[in-house]
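# Notes for the structure review
Below are the chains, spelled out letter by letter.
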Amino acid sequence: MNGKRKGADRITPEQYLEYLIEHYQNLIYSICLKSVGNPFDAEDLTQEVFLSAYKNLSRFDGTYEKAWLSKIAVRKCLDFLKSSGRRTIPTEDTCFSQLPDNNPSPEDTYLKNDADRRIRMLCSQLRSPYREVAYAHFCDELSVTEIARREGKNPKTIQTQLYRARAMLKQLLSTKERSG
């Protein structure tokens, strides 16, 4: 014990801790409560502050008790707030709300179905062999190589037919837009 503390030669560390708790408990609790916002955590932190003060009484010179305890409280609260994010356990509500929804919305489903229907309708207006190539590519989503293999044709032939089918579809679309 350091001799600067009031009556340090007459009281034990336990008695001095009781004195600190009696005089500063409300102050320390209010600092902790304002810092963490939760009364239960504030109570725990208040206890930790006084426990830390007790452990460090031998290094404390007895001056500015209020400032010394307040400083310990602020540091304990900062440590708590830094680590509290790692300790939180998500509830079902927050856990499920953070999961991405990969399902298309009803509106997206409708728009995709409508677009698919329109593409099929436009492809059906093409003459053969462009109709078959366009269906395979735009509706069945097959690549040029897959179509060539399925039709038993050269990929370059399919590529040319697809190019021409695409041009015909653009022309059909522009005619429909002008008339529609």
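Quick note: structure is the one above.
Residues numbered from 1 in each chain as written. Predicted model: local features only at pLDDT ≥ 70, side-chain atom pairs only at ≥ 80, totals over all residues. Heavy atoms only, no water.

### Quick word on the packing of helix H1 (residues 13-36) against helix H2 (residues 39-55)
Closest axis-to-axis distance for the H1/H2 pair is 8 Å, and the angle between their directions is 145 degrees. For the pair H1 and H2, the crossing hand works out as right-handed. Contacts between H1 and H2 pair Pro13, Glu14, Leu17, Leu20, Ile21, Tyr24, Gln25, Ile28, Tyr29, Cys32, Leu33 and Val36 from the former with Pro39, Asp41, Ala42, Glu43, Leu45, Thr46, Val49, Phe50 and Tyr54 from the latter. Split into classes, the residues belonging to the contact of H1 with H2 amount to 16 nonpolar, two polar and three charged. (Axes fitted to C-alpha atoms, helices over the stretch in contact; angles between N-to-C directions. Helix = DSSP H or I, 4+ residues; strand = E, 2+ residues; numbered from the N terminus. Left-handed = near helix turned anticlockwise from the far one by under 90°. Contact = heavy atoms within 4.5 Å. Nonpolar A, V, L, I, M, F, W, Y, C, P; charged D, E, K, R; others polar.)

### Overview of the environment of Arg117
By the element assignment, Arg117 lies in helix H5 (residues 106-124). Expressed as a C-alpha distance, the spacing of Arg117 and Cys139, which sit 22 residues apart in the sequence, is 9.2 Å.

### Quick notes on the pattern of salt bridges
One pass over the structure, following the stated rule, counts three salt bridges. In this structure, Glu132 engages Arg131 in a salt bridge whose closest nitrogen and oxygen atoms are separated by 3.8 Å. Classification of Arg131 by relative accessible area gives partly exposed; the value is 29%. (Salt bridge = Lys/Arg side-chain N within 4 Å of Asp/Glu carboxyl O. Buried < 20%, exposed > 50% of the residue type's maximum accessible area, 1.4 Å probe, protein only.)

### Some details on unusual backbone geometry
With an omega dihedral of 5 degrees, the bond running from Ser128 to Pro129 counts as a cis peptide bond. On the secondary structure map, Pro129 appears in the loop between H5 and helix H6 (130-139). One non-glycine residue with positive phi stands out, namely Glu141, at about 60 degrees. Within the secondary structure, Glu141 is located in the loop between H6 and helix H7 (144-151). You can call Glu141 exposed: its relative accessible area is 62%.

### A look at the packing of aromatic side chains
Geometrically, a pair of aromatic rings is defined through the distance of the ring centres and the angle of the planes. Inspection of every chain in the model, using the stated rule, returns two aromatic pairs. An angle of 20 degrees between the planes, with centres 5.7 Å apart, marks the rings of Tyr16 and Tyr19 as stacked. Of the two residues, Tyr16 and Tyr19 are both situated in helix H1; the distance of three residues between them amounts to about one turn of the helix. The class for Tyr16 is buried, based on a relative accessible area of 2%. With a centroid separation of 3.9 Å and 10 degrees between ring planes, the pair formed by Phe60 and Trp68 is classed as stacked. (Phe/Tyr/Trp six-rings, centres within 6.5 Å; stacked < 30°, edge-to-face > 60°.)

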